Amino acid sequence: MAGSIIQWLRDEMKLISRADEMDELAKQTSTNEGVYLIPAFCGIGCSLLEIDVKAMLSGMHLGTNRSHIARAALESIAYQVNDLFVAMEKDIRQKIKTLRVDGGVTQSKFLMQFLADVLQIPVHKSSMFEMTAFGAAKAAAQAIDFWNDQDSPHQIEIFKPSRSAKQMEPFMNGWKRSVKIALNQK
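The shown structure was predicted, so the numbers you read here are calculated from the model rather than taken from an experiment. (Residues numbered from 1 in each chain as written. Predicted model: local features only at pLDDT ≥ 70, side-chain atom pairs only at ≥ 80, totals over all residues. Heavy atoms only, no water.)

A. Region of interest: helix H1 (residues 2-11). When we look at burial in H1, the residues that qualify are Ile5, Ile6 and Leu9. One face of H1 carries all of its buried residues, which in axial projection span an arc of 90°. Buried residues along H1 sit in contact with helix H2 (22-26), strand S1 (36-38) and helix H3 (66-92). (Buried < 20%, exposed > 50% of the residue type's maximum accessible area, 1.4 Å probe, protein only. Helix = DSSP H or I, 4+ residues; strand = E, 2+ residues; numbered from the N terminus. Arc of directions from axis to C-beta. Contact = heavy atoms within 4.5 Å.)

B. Region of interest: the pattern of salt bridges. The final tally for this structure, using the stated rule, is seven salt bridges. A salt bridge links Arg163 to Asp117, with the shortest nitrogen-to-oxygen separation between them at 3.1 Å. Within this pair, whereas Arg163 is found in the loop between strand S5 (155-159) and helix H6 (165-184), its partner Asp117 is found in helix H4 (residues 109-119), the two being separated by 46 residues in sequence. Its relative accessible area of 23% is what places Arg163 among the partly exposed residues. Among the charged side chains, a network of salt bridges with common partners joins Arg18, Asp20 and Glu21. (Salt bridge = Lys/Arg side-chain N within 4 Å of Asp/Glu carboxyl O.)

C. View of the packing of H3 against H4. In the contact formed by H3 and H4, the axes pass within 9 Å of each other and the chain directions differ by 40°. Considering the angle they form, H3 stands oblique to H4. Of the two possible hands of crossing, H3 and H4 adopt the one that is right-handed. Of the residues in H4, those touching H3 at Arg71, Leu74, Glu75, Ile77, Ala78, Tyr79, Val81, Asn82 and Phe85 are Phe110, Leu111, Phe114, Leu115, Val118 and Leu119. (Axes fitted to C-alpha atoms, helices over the stretch in contact; angles between N-to-C directions. Parallel < 35°, antiparallel > 145°, perpendicular 65-115°, else oblique. Left-handed = near helix turned anticlockwise from the far one by under 90°.)

D. Layout of the side chain of Asn82. In this fold, Asn82 is placed in helix H3. With near-sequence residues (within four places) excluded, Asn82 lies in contact with Val118, Leu119 and Met172.

E. Structural context of the environment of Lys54. Within the secondary structure, Lys54 sits in the loop between S1 and strand S2 (56-58). Accessibility expressed as a relative area gives 61% for Lys54, which makes it exposed. In this structure Lys54 touches Ala40 and Ala182, once residues within four positions along its chain are discounted.

F. Region of the structure containing the nonpolar core. Counting 46 residues, the largest nonpolar core has Met22, Ile38, Tyr79, Leu99, Phe114, Leu115 and Val123 as its most contacted members. Put simply, the parts of the chain that give this core at least two residues each are H1, H2, S1, H3, strand S3 (99-101), H4 and H6. If one sorts the elements of this core by residue count, H3 sits on top with nine residues. Those residues in contact with Val123 that sit more than four places away from it in its chain are Leu99, Val101, Met112, Leu115, Ala116, Glu157, Ile158 and Phe159. (Core = buried A, V, L, I, M, F, W, Y, C linked by side-chain atoms within 4.5 Å.)

Pasting the structure below:
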């Protein structure tokens, strides 16, 4: 849902006119002020797998504005990735030490930094915008011995955690509370 969340804010809610406006809007508030977006437009996925849950904004107050909603949307992507990480680490019984990312939402420096803070690991953003097609082409080229490793994309940016797990705890607790509320409203 990562790209779809931003598309929804642009096309349906008219909160932004271009996806690249999200960062500036999200940075206009120094905290989420308790506002959380549960983007369950198709239910909640990992690790709950609840398809009947509906999307929801929680924690709004009279001071809630566009910047809070933009920030909540970007933060929700990081929380969902964290939920997936928790499930994966449980399955593989070890900690994941880094995350490599690509795609449209990686253009958000706010999101990449928040993701590093939530996961408490470095997030490596590729210099290549879309790695899926590149990976398929590389696999095919390697299969016929037509590959030069110097052609591999290099990372251009590494986002390291700038806040401790303790500092991130209130954010994580707010997310969990909001998910619980959404689950109880289905």
